[in-house]
Amino acid sequence: MKALMCDKYGPPEALHIVDLPDPVPGEGEALIEVSYASLNFFDLLVIENKYQVKPPLPFSPAAEFSGRIAALGPGDGGFKIGDRVLGYTGFGCAREKLVCPVDKLAALPASLPEDKAAGLSITYGTTLHALKQRADLKNGETLVVLGASGGVGLAAVEIGALMGAKVIACASSDEKLAFVRKFGAAETVNYATSDLRAELKRLTGGRGVDVVYDPVGGALTEPALRSLGWKGRLLVIGFASGEIPKPPLNLVLLKGCDIRGVFWGDFLTREPQVHLANMAALLDYAASGAISAHVHAAYPLESYLEAFGTIARREALGKVLLKMPSAA
Ligand SMILES: NC(=O)c1ccc[n+]([C@@H]2O[C@H](COP(=O)([O-])OP(=O)(O)OC[C@H]3O[C@@H](n4cnc5c(N)ncnc54)[C@H](OP(=O)(O)O)[C@@H]3O)[C@@H](O)[C@H]2O)c1
């Protein structure tokens, strides 16, 4: 089988494809024939050894996948050969076959295609956890989403609208904003060409917003924090801009507001039952079409440089996937 490998830290150009023997599932494990491996922004950081997840070298990048069960070890967890599944493993998915513990798999509903399933765990899982358990977002509240056309951003637009919030989607181009309007954004702000704080003030009639979803950080965080209303919540999702902001804490005092961290990777091990309930809800939403799980593009494994480049150049509209030969 073919596997994309990182055997020394560096940019995507340092990765390469190798032939490896098929892995063999042990007790409580399944051998998966991977259909799609999903890439996330953080994969760029993982391969450069700049992320909190530090897989031992050599490893395959990509943290989540969809595929079919090709073999099962003893203790099959109720799965059978041929089942269509998705899973999250943290790294190791950009390969034609992988071994995964059965308790990390979820069966796909019949109506959910494998490409849409591949990227559901991380972006939508993070976002449902953020908006439900961390922000306690309520029907009728105003939700501002920064980086709204990217992976987690698009998920926040969709889930926010589904939870009954008025979503103000913010991004760096009019093309990106036209795209997110199709997924439930009521209002949009181009933060490359207009003043984010002034626009949010205008759009809320001076009242301020209830929740900010911030996967970008850098220079956007402070104006977003200043745009919160009384008892607003700023969700710290990530720092795609490359800069961890240090906003003045007097703003938190003056607004009686909260800055709330979101760490999905730890949430799913610390609160597994809540995570499983979230994943069941997301599979229902995706199967019924209530969320789109939009795929920007699925690149053949050998086109991995193009796939990583799409994310690095800020071009991704939703999810970027690597497609394996066995994909239906
Ligand atoms: N907290 C958690 O548990 C968790 C889980 C998953 C992901 N994350 C984090 O969320 C962030 C976004 O991840 P993603 O996979 O959604 O990324 P993505 O699809 O690449 O989207 C990131 C967005 O950030 C904006 N951006 C601003 N400056 C950028 C830059 N220098 N390079 C790239 N994008 C830039 C872009 O929107 P504009 O061009 O419109 O500004 C882009 O659409 C990452 O920091 C990731 O680590 C956190």
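For the structure itself, consult the block above.
Residues numbered from 1 in each chain as written. Predicted model: local features only at pLDDT ≥ 70, side-chain atom pairs only at ≥ 80, totals over all residues. Heavy atoms only, no water.

**Things to note about the site of the ligand**
Near the ligand lie 25 residues; those nearest to it are Gly-151, Ser-172, Lys-176, Tyr-191 and Val-262. Ser-172 places a polar side-chain atom, nitrogen or oxygen, 2.6 Å from an oxygen atom of the ligand. For the ligand, whose unbound accessible area comes to 910 Å², protein coverage reaches 91%. Listing elements by their share of the shell around the ligand, those giving two or more residues are helix H1 (41–47), helix H3 (120–134) and helix H4 (151–162). (Near = heavy atom within 4 Å. Polar contact = N/O pair within 3.5 Å; in protein donor to acceptor, adjacent residues only side chain to side chain. Areas by Shrake-Rupley, 256 points an atom, 1.4 Å probe, with all protein chains shown as cover. Helix = DSSP H or I, 4+ residues; strand = E, 2+ residues; numbered from the N terminus.)

**Describing the environment of Gly-10**
Relative to the assigned elements, Gly-10 resides in the loop between strand E1 (2–5) and strand E2 (16–19). The buried category is assigned to Gly-10, whose relative accessible area is 10%. Here the alpha-carbon distance between Gly-10 and Ile-69, two residues 59 residues apart in the chain, equals 32 Å. Residues in contact with Gly-10, not counting those within four places in the same chain, are Ile-47 and Glu-48. (Buried < 20%, exposed > 50% of the residue type's maximum accessible area, 1.4 Å probe, protein only. Contact = heavy atoms within 4.5 Å.)

**Examining the packing of aromatic side chains**
Each pair of aromatic rings is reported with the distance of its centres and the angle of its planes. Under the definition given, this model contains four aromatic pairs. Relative to Tyr-51, the ring of Phe-42 has its centre 5.1 Å away and its plane inclined at 10 degrees; by these criteria the two rings are stacked. With respect to burial, Phe-42 and Tyr-51 carry one shared label: buried. Ring geometry for Phe-59 and Phe-91: centres 6.0 Å apart, planes at 80 degrees, overall edge-to-face. (Phe/Tyr/Trp six-rings, centres within 6.5 Å; stacked < 30°, edge-to-face > 60°.)

**Comments concerning the pairing of strand E4 (residues 64–72)**
Inspection of the sheet shows strand E3 (residues 29–39) paired to E4 by eight bridges, in the antiparallel sense. Opposite Glu-33, over in E4, you have Arg-68 as the bridge partner. Bridging between E4 and strand E5 (residues 84–88) involves five bridges; their strand directions are antiparallel. When the sheet's bridge partners are listed, Arg-68 is paired in E5 with Arg-84. (Pairing = 2+ DSSP bridges.)

**So, helix H11 (residues 304–312)**
For H11, the complete set of buried residues consists of Tyr-304, Ala-307, Phe-308, Gly-309, Thr-310 and Ile-311. The inward-facing, buried residues of H11 abut E1, E2, E3, H1, strand E14 (295–300) and strand E15 (319–323). Immediately downstream of H11, the backbone of Arg-314 shows phi near 65 degrees, a positive value.

**Some details on the environment of Val-211**
Along the polypeptide, Val-211 turns up in strand E11 (residues 209–214). Considered as a pair, Val-211 and Val-144 are 67 residues apart in the sequence and their alpha carbons are 6.2 Å apart. Ignoring sequence-local partners within four residues, the contact set of Val-211 consists of Ala-135, Leu-137, Glu-141, Thr-142, Leu-143, Val-144, Leu-228, Arg-233 and Leu-235.

**What about the packing of H3 against H4?**
With their axes 8 Å apart at the nearest point, H3 and H4 run at an angle of 50 degrees to one another. Accordingly, the angle class assigned to the pair H3 and H4 is oblique. The interaxial crossing formed by H3 with H4 has right-handed handedness. Residue-level contacts link Thr-123, Tyr-124, Thr-127, Leu-128 and Leu-131 of H3 to Gly-151, Val-152, Ala-155, Ala-156, Glu-158, Ile-159 and Gly-160 of H4. Here the residues of the contact of H3 with H4 sort into seven nonpolar, four polar and one charged. (Axes fitted to C-alpha atoms, helices over the stretch in contact; angles between N-to-C directions. Parallel < 35°, antiparallel > 145°, perpendicular 65-115°, else oblique. Left-handed = near helix turned anticlockwise from the far one by under 90°. Nonpolar A, V, L, I, M, F, W, Y, C, P; charged D, E, K, R; others polar.)

**Brief notes about the sheet that holds strand E9 (residues 166–171)**
Reading across the sheet, the six strands line up as E10-E9-E8-E11-E12-E13 and stay open at both edges, with parallel pairing between neighbours. Single-partner strands in this sheet number two, and they are strand E10 (187–190) and strand E13 (258–261). Strand-to-strand twist across the sheet, computed as the mean angle between neighbouring axes with direction ignored, equals 20 degrees. Direction of pairing for strand E12 (residues 228–236) relative to E13: parallel, over a ladder of four bridges. Its bridge partner lying in E13, Leu-234 is registered against Ile-259. In the packing of H4 onto the sheet, the strands contacted are strand E8 (142–145), E9 and E11, and the crossing angle to E8 comes to about 170 degrees.

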